[in-house]
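Inside the fold
Each chain, letter by letter, is given below.
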Amino acid sequence: MKAIETSLEINEQLYSRQLYVLGTEAMRRLRRSSMLVSGMKGLGVEIAKNLVLAGVGRLTLHDPSPTCWMDLASQFFLAEEDIGQNRAKASLPHLAQLNSSVCLDAHDGPLAEIELAEDPQVVVLTDSTLEEQLQVGSLCHKLGVHFVVASTRGLVGQLFCDFGKEFTIYEPSEAEPLGNSIGHISQGSPGILTVLEENGHCFQDGDRAVFSGIEGMTELNDGDPRPVRVLDKRTLEIGDTAAFSPYLRSGTITKVKKPQTPLSSSLHRPRIMAASSWETERARCLHQAFQALHKFQAQTGRLPRPWDLGDANELVVLARGLEPLQGDHGEKGNEALDEALVKEFAMTCTGDLSPVSSVIGGIAAQEMLKAASGKFTPLDQWLYFDALECLPEDGQSPLGPEGCAHRDCRYDGQIAVFGADFQKKLGEQNYFLVGAGAIGCELLKTFAMVGLGAGPGGGITVTDMDTVELSNLSRQFLFRWQWGTPKAKAAALAVKDMNPALRVTAHTNELGPDTEHVYGEDFFSSLDGVACALDTFEARQYVSERCIHSLKPMLESGTQGIQGEAAIFVPFLTQPYSMPPEDAIETAYPICTLRYFPSTIEHTLQPEALLSPIPLPREPDFLKRMEGPQALNCLRTASTSFLHPPQCWRDCVAWAQSHWQHCFHDSISHLLQVYPPDKVDEEGVPFWSGARRCPQPLDFDLSSDAHLDYILAAANLYAKTHRLAGSQDRDGLRGMLQASPALASVFAGDRQLEEASAERDPAHLQALLSALERWPGTSLEPQLFEKDEDGHFHMDFVVAASNLRAKNYGIPLADRRKSKKIAGRIIPAIASTTAVVAGLMGLELYKAVMGHRRLSSYRHSSLHLDGPHLARWAPSAASVQQWTAWDRLTVTAPAPGQPEMTLKDLLSYLQVSLAPPHLPALGHSWAPDCWCPPDLSHRVTELVRQETHKELKEGQKELVFRISCEDEDLDTTFPPLHYRLR
């Protein structure tokens, strides 16, 4: 392979989210890779974009053809002024801006001139004939070059992979290596290991394991992998340990992932895998349709004309004449050709759609990353994808050749599938995009390509309160180097370059109750739909509630690593979005576990464990709401800051050493006084057993880098809190501690004195509270945790504090990256997943704009790029008892000058609206006076003011009442009542 003339170092801040997906070793292999993308239409540029963002070493763009109008429907780096210019060369400058560390070049000659034997490790063909696929595929197979074929035709896409006989999967899955906590290891041949977990270990005979965090038998730590043999669910043989030191306590045994070698593939003998027999039959039929299309092109020199029945029938005839596909064991398939499916494919295959390119391009790019990195299981031969359910439903206006003919405009590729009338309707849409992060950027690109809101009366509003950071640039491709710029504004400017006709308005507001004066009823009533690209369930739930209130369709999605999901929620047709149960969102650990009995590194990285004792509060008022002992516990830590603030760097160091002594020695010693190591319960079971690890106090060691790291980070944070100058001089810090070993005891004594005084004299507690009341006038500056900025000691403190506490309990330590992920609650991310998810949302957008009314036309999707696996299914129907979640009762206030409705009037309306058959159990006995309101003569708005103690908002258009019934015999839910104001 030719030398890659670029830096192969990994910029951990740039690739921070991707490193959590791939890992360091896979990323290093990726940085050394060289790849070729042939064909730079929409699919090719999508693949290239994802590869550049991922940080491959070298990428060659190949395309011998000039830009034409059809390309602009999906090729987001080409513009009208590029028509007639070579596609590869015109795209290169735009791709180069995405990542300066990737070496890019362009080739516009015949594909045969590229020397495959000398340069690329991975080749993908995206716009090729069957003859080219067979020739290049055979050559790549012979030379050991990983080969990929990707193609999109209208609403259908295909993907093929052949990584050769020698390809090795180093890490088949995204999951962390499995492991168990060690309870005991015997000395002997073989040594017997017992795990702590009562439900057993995760090993099988023949697995290999590594060891870490063992005290006593340290010879096992960080050694070569050892084979294990299973004895029972809790014990393992681990080889000869007779010569090792006796085991004392703690440690973890971790399973080593086994490299795998998948079966080699070939274009000559296709194998199609799918999740069900129905999907397999459909995929086989689409395979035949693509083969027939190659024949049609070879015979006619063109693609079938859009929605031309004669060309479609000819393609069906060619498909009928093909040999049936063989199964995995050589048997020929016996399913009949689905001619209706082939005909739909034929009538739309000339089209070129951005959402389909995003789906296939994202999956293809991830397959190429697998080939270069050895991370994740690759595709086993062929994958087929279709979204033909996007086409008009029965009863909608039929499409024909005239309405889908080329018009020499940027939407020709889309008009060929959906027609000019639908293109006009797309342009008239008004959509609200909430979030301009990774998914938001991809959606804006999709909106620009499809022309959403780009016509008369249309428009897109995007809002995001966040700003661009370095870690965004590896997956949010609309940003370059505009650090600190609002994301929404940067994305809006970039996407306007892709389609100058796009009408996009950028806001920097958070969508929530505080901004309802901006995004109120008038705003939502003007929309045709909402796209949600948010990263919290709570925010999505709020958007969903607004969509339900305004009866607008909502597109929703999310990603985590190589997993993703996409969904649509349509008024009166589907169930609305519902936030997952609280216990499914985030693991909550008991406070006693975090403070006294941690057993995993996740426990030591929680705030309750990191900042124990409780840190300086941000708001003093909350102490007044606490009970005496709880407030006292907080004040014990805060009192030094208020009553004895540091005056210099030396004081901050003394405080940090005192804090170290308290957290990692004194508090542990006290815990062991309460629960001695030999404590047993009434049944004779040791207290320190199972998941409870018996801790050991640490003694401060000036020669330990870990101990010094804590003092340096804690002292600097304390100095910043008091607006004092800090220091990064480790040698100077070590000298200061050596020269003044008693500094800490002075502050420790002060702390003990404060605690004792507070316990003896309640007035002391009041004195501290009085000091806190003066806090806003002091010079204290609270430090807000920031995980992504180095140099401010936040992550230094987190890593040091967590690992010291882990040492107390014999828990394996975590490096900075893992600690940052856990403490910062970082969601792993990679551009390829985001691209697929945004493409799936774009397909649902087509249906919503077209006005599909069949539930079976819509899709919810779940993606896992390991495999890859893409599941799509019809959403759940809006549940109907008496009403759906989208229903409401509506009443309009009297016209101006007329008396406003009273509560009695409103209840009378409800009595009629909710009469049988809705409430058969109540019948005529359900009368307003049985509700016993305080005064039925109250006007509606007067009652609202009285009950809420608030005035109506200026410009408010309606009031929403939630109706409930306390009748024990009534088991039903009621729709909300919308009271429209005049």
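Residues numbered from 1 in each chain as written. Predicted model: local features only at pLDDT ≥ 70, side-chain atom pairs only at ≥ 80, totals over all residues. Heavy atoms only, no water.

What to know about the overall build of the protein chain
Our working definition: Per the convention used, a helix needs a DSSP run of H or I reaching at least four residues, while a strand needs a run of E reaching at least two, with both numbered from the N terminus. The rule is simple: take the accessible area with a 1.4 Å probe, protein chains only, and divide by the maximum for that residue type; under 20% is buried, over 50% is exposed, in between is partly exposed. Note on contacts: a residue pair is in contact if any heavy atoms of the two residues lie within 4.5 Å. All accessibility values rest on the Shrake-Rupley procedure with a 1.4 Å probe; residue burial counts only the protein chains present in the view.
Regarding its fold elements, the protein chain presents 31 helices and 25 strands. The burial tally for the protein chain puts 54% of its 982 residues in the buried class. Taking the intrachain contacts of the protein chain between residues at least 6 apart in sequence as the baseline, contacts between residues at least 24 apart amount to 73%. For the protein chain, the exposed surface amounts to about 43,300 Å²; the carbon and sulfur share of it is 50%.

Looking at the packing of helix α2 (residues 24-31) against helix α9 (residues 354-373)
Note the threshold: The axes used here are C-alpha line fits, helices contributing only the stretch in contact, and every angle between their N-to-C directions lies in the interval 0 to 180 degrees. The scheme is simple: roughly parallel for angles under 35 degrees, roughly antiparallel for over 145, roughly perpendicular for 65 to 115, oblique for anything else.
At a closest axis distance of 8 Å, the pairing of α2 and α9 adopts a crossing angle of 100 degrees. In this view, α2 runs roughly perpendicular relative to α9, as classed from their interaxial angle. Where α2 abuts α9, its residues Ala26, Arg29 and Leu30 lie against Leu369, Ala372 and Ser373.

Some words on the pairing of strand β20 (residues 563-569)
Note the cut-off: The pairing criterion for strands is at least two bridges between them, as found by DSSP.
The buried fraction of β20 amounts to five of the seven residues, a majority that puts the element mostly inside the structure. Note: strand β19 (residues 554-560) against β20, seven bridges, orientation antiparallel. Bridge pairing links Gly558 to Glu565 in β20. With antiparallel pairing between neighbouring strands as the criterion, β19 and β20 make up a hairpin whose turn holds two residues, including Gly561 at a positive phi of roughly 65 degrees. By the bridge criterion, four bridges tie β20 to strand β21 (residues 860-864) in an arrangement that is antiparallel. Bridge assignment links Ala566 to a residue of β21, and that residue is Ser861.

What to know about unusual backbone geometry
Excluding glycine, residues mostly carry a negative phi; peptide bonds, for their part, are mostly trans. Each neighbour pair has its own omega, and for Ser189 with Pro190 the value is 5 degrees, a cis peptide bond. In this structure, the amide linkage connecting Gly867 to the following residue, Pro868, adopts the cis form with an omega of -15 degrees. Backbone geometry at Asp408 places phi at a positive 55 degrees, although glycine is not the residue there. Locating Asp408 in the fold gives a position in the loop between β14 (381-386) and α10 (412-418). By relative accessible area, Asp408 is classed as exposed at 53%. Positive phi outside glycine occurs at Arg825, with the angle close to 50 degrees.

Brief notes about the sheet that holds strand β24 (residues 958-961)
Sheet architecture is open: three strands sit in the order β23-β25-β24, paired in mixed fashion. Because the sheet does not close on itself, it has two edges, and the strands there are β23 (889-892) and β24. In this sheet, adjacent strand axes meet at a mean angle of 20 degrees when their direction is disregarded. When β24 meets strand β25 (residues 977-980), the two strands line up antiparallel, connected through four bridges. What sits directly across from Glu958, in β25, is Arg980. Those strands touched by helix α30 (residues 903-913) are β23, β24 and β25, and its axis lies near 140 degrees from that of β23. Sheet strands touched by helix α31 (residues 940-948): β24 and β25. Its angle to β24, the strand with the most contacts, is close to 65 degrees.

Some thoughts on the nonpolar core
The following threshold applies: Grouping buried Ala, Val, Leu, Ile, Met, Phe, Trp, Tyr and Cys residues that are joined through side-chain atoms within 4.5 Å yields what is termed a nonpolar core.
Among the nonpolar cores identified, the biggest contains 154 residues, and Ile47, Leu51, Leu59, Leu155, Phe418 and Leu478 are the most heavily contacted of them. The dominant element in this core, judged by the number of residues it contributes, is helix α29 (residues 831-850), at eleven residues. Once residues within four sequence positions are removed from consideration, Leu51 is found in contact with Met35, Val37, Val56, Leu59, Ala365, Met368 and Leu369. Counting 47 residues, the second largest nonpolar core, distinct from the first, contains Val653, Ala656, Trp688 and Leu698.

What about the pattern of salt bridges?
The condition that has to hold: In the sections that follow, a salt bridge refers to a side-chain nitrogen of Lys or Arg positioned within 4 Å of a carboxyl oxygen of Asp or Glu.
A complete count under the given rule lists 35 salt bridges for this structure. Here Arg87 ties to Asp127 by a salt bridge, and the two come within 3.7 Å at their closest N and O atoms. Taken together, the residues span a long stretch of sequence, with Arg87 in helix α4 (residues 87-98) and Asp127 in the loop between β4 (122-125) and α5 (130-143) at a distance of 40 residues. Among the ionic pairs, Asp394 bridges to Arg854, the shortest N-O distance being 3.9 Å. Of the two residues, Asp394 sits in the loop between β14 and α10 while Arg854 sits in the loop between α29 and β21, which places them 460 residues apart along the sequence. For Asp394, a relative accessible area of 72% corresponds to the exposed category. Classification of Arg854 by relative accessible area gives partly exposed; the value is 38%.

Examining the side chain of Ser373
Its location among the elements puts Ser373 in helix α9. Looking at Ser373, the relative accessible area reads 2%, which means it is buried. In this structure Ser373 touches Ala26, Arg29 and Tyr170, once residues within four positions along its chain are discounted.

Thoughts on the environment of Ile711
Along the chain, Ile711 turns up in helix α23 (residues 705-721). A relative accessible area of 0% means that Ile711 is categorised as buried. Sequence separation between Ile711 and Ala654 is 57 residues, and the spatial gap between their C-alpha atoms is 8.9 Å. When sequence neighbours within four positions are dropped, the list of residues in contact with Ile711 reads Val653, Ala656, Gln657, Trp660, Phe700, Leu733 and Leu737.

A closer look at helix α13 (residues 487-498)
Turn by turn, an α-helix covers 3.6 residues, leaving residues three or four places apart pointing in a common direction. Spelled out, the test is: By this rule the span expected of a helix is its residue count minus one, scaled by 1.5 Å.
Here α13 spans 17 Å end to end across twelve residues, near enough to the 16 Å set by a 1.5 Å rise per residue. Along α13, the positions that sit buried rather than exposed are Lys487, Ala488, Ala490, Ala491, Ala492, Ala494, Val495 and Met498.

Re the pairing of strand β22 (residues 869-873)
Sheet faces and side chains relate simply in a regular strand, where the side chains alternate between the two faces. The sheet contact formed by β21 and β22 spans five bridges and is antiparallel. Across the sheet, His860 pairs through a bridge with Trp873, a residue of β22. Counting the residues between successive antiparallel strands, the hairpin from β21 to β22 contains four residues, one of them, Gly867, with a positive phi of roughly 135 degrees.

What about the sheet that holds strand β13 (residues 252-255)?
Taken together, the seven strands give an open sheet; going across it, the order is β10-β9-β13-β7-β8-β12-β11, and neighbouring strands pair in antiparallel fashion. The open sheet has two free edges, formed respectively by β10 (226-227) and β11 (229-230), since each of these has just one partner strand. Strand direction decides the pairing type here: strand β7 (residues 179-185) and β13, joined by three bridges, are antiparallel. From the neighbouring strand, Gly179 faces β13, where its bridge partner is Thr254.

Observations regarding the UniProt feature "active site" (unreviewed entry) in the protein chain
Worth spelling out the cut-off: UniProt positions are given in the numbering used here, feature names are shortened, and annotations may be inferred rather than shown by experiment.
Here the UniProt-annotated "active site" (unreviewed entry) positions come out as Cys592. With respect to the element layout, Cys592 can be found in helix α17 (residues 591-595).

Structural notes on the packing of aromatic side chains
Heads up, the rule is: A pair of Phe, Tyr and Trp rings is counted when the ring centres sit within 6.5 Å of each other, with Trp represented by its six-membered ring. The angle between the planes then sorts it: under 30 degrees is stacked, over 60 is edge-to-face, the rest tilted.
Scanning all chains against the criterion turns up 29 aromatic pairs. Between the aromatic rings of Phe418 and Phe422, the centroid separation amounts to 5.2 Å while the plane-to-plane angle is 55 degrees, which identifies the pairing as tilted. For Phe418, a relative accessible area of 3% puts it in the buried group. Between Trp660 and Phe700, the aromatic rings sit 5.2 Å apart at their centres with planes inclined by 85 degrees, giving edge-to-face as the arrangement.

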